[in-house]
Each structure stands twice: as C-alpha cells, then as structure tokens.
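Remarks on the overall topology
In case you want the letters, here they are:
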Amino acid sequence: SYELQMRQAAIFAFDNTLPIVPGPEEIFIKGIISESTYITKYFINKIVELKPKSQKLKQIMLNRVLSINDSDLQNLFLSSLSKILSDDDFYLIKDLYTNGSILVKLWCLEQTNKFPLSTELESLLLTALKEQQTVLRQKAVEVSGSFLRSKKIYNAVSYISQNDSNYTIRSIATKILGIKK
C-alpha cells in the first residue's frame, strides 16, 4: 500500500540518510508537514528522541499546532513541544497563547512554570488573568502562584481574590496569596 511505502521511505530516509545530510532539519520539517499521519507521528517521535535545537523546526511545529484540525495530532505536537523547548523559546509559548484555541491557551499556561520570570511571561500572565473565559482565568490564577514575586502579578491576583465574579477563582486566588478571610 502507499502508506506502507511511505512508512518505509520515512524510516529509510531518517535512519540511513539523515546522518549524511548537510541540513538535517529539512528532513524533520518535511516529516512533520507530511500529509501522512503515520509519517508525521514518526518524525515527531524522532524529534522528541533527538531534541534538535533548530528554531525553524520549533516554529514550524508551532504553526502546525495552530493549523491542524486533528486533536490527537495537535496534542502530540503540543506534548513534543513541551519536551524540546528551552528557556529561550518562551516567545513560542506567547505566540501559541495569542493565536491558539482555548485548549492551546490552557496548555500554554501549564508550560509557564518551566520558564523563568521575564517581562514577556509577566505580560502573558497579566493578559490571561483578565481573560473572559473562566477556565482560562482560573488556570492563570493557579500558575501565577509561582510568580508572585512580580509586583504586577501579585497585585493582579490580589485584585482577583477580592473582586472576581467567580467564587472559585476568588477562592483559588485567596489561597495562593495565603490570605484568610
């Protein structure tokens, strides 16, 4: 079958050709934009295994997360991204948060604890703390607990603990701040 031939070609290309190709990131890129789900999954797994440092590859993976309609494949891309991101890659999380669906935004908020506090991270959390969707605001409050040394984040969580329209979110904010009411 065609799928079997493509699978064999991908395995041959990766296992035999990659070590001698001058620009191996191109093979990864072709693999993750393949129309074949099997080939895409194969290359995602190889990316997680080898952890290439290519910014272009990470950006293309981010673009695939935003453009793919298959939720299982989208989750696979997200889980692989979380394994290969470095401290310098926070801008990718910010891009995903800005352009992603609610589920992608939740994933982004879960990733914030992997990064050191920066003005970009602070900005993303402050934006998330003002979201209209309760589920996003709640997740933002939960992850903000690790960044309360930022005066802006502390003040925002404090405001939420007293003024949010949702009782659960107010309670979480209060608990994070250690305030007893």
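Use the structure listed above.
Anyway, here's the lowdown on the structure attached to this text. Here the structure is a predicted model, which means the values were calculated and not measured. Along each chain, residue indices are assigned from 1 in the same order as the chain's sequence is written. This being a predicted model, a pLDDT of at least 70 is required before a residue's local features are given, and a value of 80 or more before pairs of side-chain atoms are given or counted; all residues contribute to the totals for chains, interfaces and linings. Note that water and hydrogens are dropped before the side-chain values are worked out from all heavy atoms of the structure.

**Some points on the packing of helix H10 (residues 151-163) against helix H11 (residues 167-177)**
Two elements in contact, H10 and H11, have axes separated by 7 Å at closest approach and are oriented at 135°. Between H10 and H11, the crossing angle belongs to the class labelled oblique. For the crossing formed where H10 meets H11, the hand is left-handed. Where H10 abuts H11, its residues Tyr154, Val157, Ser158, Ile160, Ser161, Gln162 and Asn163 lie against Ile169, Arg170, Ala173, Thr174 and Leu177. Under this scheme, a helix contributes an axis fitted over its contacting stretch, all axes are lines through C-alpha atoms, and angles between N-to-C directions fall in the 0 to 180 degree range. Secondary structure elements follow DSSP: runs of H or I of four or more residues count as helices, runs of E of two or more count as strands, with numbering from the N terminus. Any angle from 65 to 115 degrees is called roughly perpendicular, while one under 35 is roughly parallel, one over 145 is roughly antiparallel, and all others are oblique. The handedness criterion is simple: a crossing whose near helix is rotated anticlockwise from the far helix by less than a right angle is left-handed, and one whose near helix is rotated clockwise is right-handed. Contacts were defined at the residue level, with two residues in contact if any of their heavy atoms lie within 4.5 Å.

**As for the packing of helix H4 (residues 55-67) against helix H6 (residues 90-99)**
Close contact between H4 and H6 brings their axes to 10 Å; oriented N to C, the two are set at 15°. On the basis of the axis angle, H4 is roughly parallel to H6. Classified by chirality, the crossing of H6 by H4 is right-handed. Contacts between H4 and H6 involve Gln55, Lys58, Gln59, Leu62, Val65 and Leu66 from the first element and Tyr91, Leu92, Asp95, Leu96 and Asn99 from the second. Among the residues making up the contact of H4 with H6, the classes are represented as six nonpolar, three polar and two charged. Residues are grouped as follows: Ala, Val, Leu, Ile, Met, Phe, Trp, Tyr, Cys and Pro are nonpolar; Asp, Glu, Lys and Arg are charged; all remaining types, including Gly, are polar.

**Looking at a positive patch on the surface**
A cluster of basic residues, Lys51, Lys53, Lys83 and Lys114, forms a positive patch on the protein surface. Here Lys83 shows up in helix H5 (residues 71-84). According to the relative accessible area criterion, Lys83 is partly exposed, its value standing at 49%. A patch consists of residues exposed above 30% relative accessible area that lack any salt bridge, with like charges linked at up to 9 Å and nonpolar side chains (Val, Leu, Ile, Met, Phe, Trp, Tyr) linked at up to 5 Å. Residue-level accessible areas treat just the shown protein chains as cover; the underlying method is Shrake-Rupley with a 1.4 Å probe. Between Lys or Arg on one side and Asp or Glu on the other, a salt bridge is scored when a side-chain nitrogen of the former is within 4 Å of a carboxyl oxygen of the latter. Only four residue types enter the tally: Lys and Arg on the positive side, Asp and Glu on the negative side; His and the chain ends are excluded. For this purpose, a charge sits on NZ of Lys, CZ of Arg, CG of Asp or CD of Glu. Relative accessible area decides the class of each residue, using a 1.4 Å probe on protein chains only: under 20% of the type maximum gives buried, over 50% gives exposed, and in between gives partly exposed.

**Notes on the side chain of Gln111**
The residue Gln111 is located in helix H7 (residues 102-111) in this model. The exposure class assigned to Gln111 is buried, which follows from its relative accessible area of 6%.

**Brief notes about the packing of aromatic side chains**
Stacked, tilted and edge-to-face are the three classes applied to pairs of Phe, Tyr and Trp rings, where Trp contributes its six-membered ring and a pair requires centres within 6.5 Å; stacked means planes under 30 degrees apart, edge-to-face means over 60, and tilted covers the rest. Taken as a whole, this structure holds two aromatic pairs when the rule is applied. With a centroid separation of 5.4 Å and an interplanar angle of 80°, the aromatic rings of Tyr42 and Phe43 are classed as edge-to-face. Using a relative accessible area of 4% as the deciding quantity, one classes Phe43 as buried. Here Phe90 and Phe115 contribute two aromatic rings whose centre-to-centre distance is 5.2 Å and whose plane-to-plane angle is 70°, an arrangement assigned as edge-to-face. One end of the pair, Phe90, is in helix H6; the other, Phe115, is in the loop between H7 and helix H8 (119-128), with 25 residues separating them in the sequence. Summarising the burial analysis for this pair, Phe90 and Phe115 share the class buried. A ring is considered to have a charge above it if a Lys NZ or an Arg CZ atom is located within 6 Å of its centre and within 35 degrees of its normal. The ring of Tyr97 has Lys105 sitting right over it, with the charged end atom 5.0 Å from the ring centre.

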